[in-house]
Amino acid sequence: MLLLPFGFEAPVVVTVACFTLGGVVYGPFVALSVTLMQTASPPRHLAAMLAARSAVLLTASPLGTALGGPLTTVLGPRVTLAGSGLVTVALAVVAGVLLLPVRRGALTRPSRNEEASGTAPPLA
């Protein structure tokens, strides 16, 4: 979403501010995502989940470069960056919709900490 100003010919100050905000948001992403995986996954699956995450990230970078180069040549940098922003927003919406039932189920189940401590309310 923060890439969208590139596509709408926003003033340079707005574009740089959005790009800076994107960097601030992305900065802690890696640490937060790994912490979330460590917290949310069962210990027996943690190694496999982290390995899968690494495999996806190692594939994503060259794939993005392979797609980004030709797209930038054909569409130009402004449209490519704006399109990237729009695709990112669309993927976030799709992920949110797909994960909504999972999240609703998590709200009705006791957490691992509650189960371990015996403070979990009884399931109906």
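Here the structure is shown first, and the text comes after it.
Thresholds, definitions, all that
Here the residue index of a chain counts from 1 through its sequence in written order. Two thresholds apply to this predicted model, a pLDDT of at least 70 for residue-level local features and 80 or more for giving and counting side-chain atom pairs, whereas whole-chain, interface and lining totals are computed over all residues. Hydrogens and waters are ignored; side-chain quantities use all the structure's heavy atoms. By the criteria applied, helices consist of DSSP H or I runs no shorter than four residues and strands consist of E runs no shorter than two, each listed in order from the N terminus. We define a polar contact as two N or O atoms separated by no more than 3.5 Å, with the added condition that, inside protein, one atom must be a possible hydrogen donor and the other a possible acceptor, whereas residues neighbouring each other in sequence contribute only through side-chain atom pairs. Residues count as neighbours in contact if any of their non-hydrogen atoms are within 4.5 Å of one another. Residue burial is assigned from relative accessible area. The probe radius is 1.4 Å, only protein chains are included, and a residue is buried under 20% of its type maximum, exposed over 50%, and partly exposed in between. The criterion for an aromatic pair is that two Phe, Tyr or Trp rings (for Trp, the six-membered ring) have centres within 6.5 Å, with stacked assigned to planes under 30 degrees apart, edge-to-face to planes over 60 apart and tilted to the rest.

All right, on to the side chain of Arg-53 then. Tracing the chain through its elements places Arg-53 in helix H4 (residues 43–75). Among the polar contacts made by the side chain of Arg-53, one reaches the side chain of Ser-33 at a distance of 3.3 Å. Excluding its chain neighbours within four sequence positions, the residues that come into contact with Arg-53 are Val-30, Ser-33, Val-34 and Met-37.

Quick look at unusual backbone geometry now. Not every positive phi belongs to a glycine, and Glu-9 is a case in point at roughly 50°. Considering the arrangement of structural elements, one finds Glu-9 in the loop between helix H1 (4–7) and helix H2 (12–26). Look at Glu-9 and you get exposed, because its relative accessible area is 62%.

Quick look at the packing of aromatic side chains now. For the coordinates displayed, the defined rule picks out one aromatic pair. With 5.6 Å between their ring centres and 25° between their planes, Tyr-26 and Phe-29 make a pair best called stacked. For Tyr-26, a relative accessible area of 53% corresponds to the exposed category. When its relative accessible area of 42% is taken as the criterion, Phe-29 is described as partly exposed.

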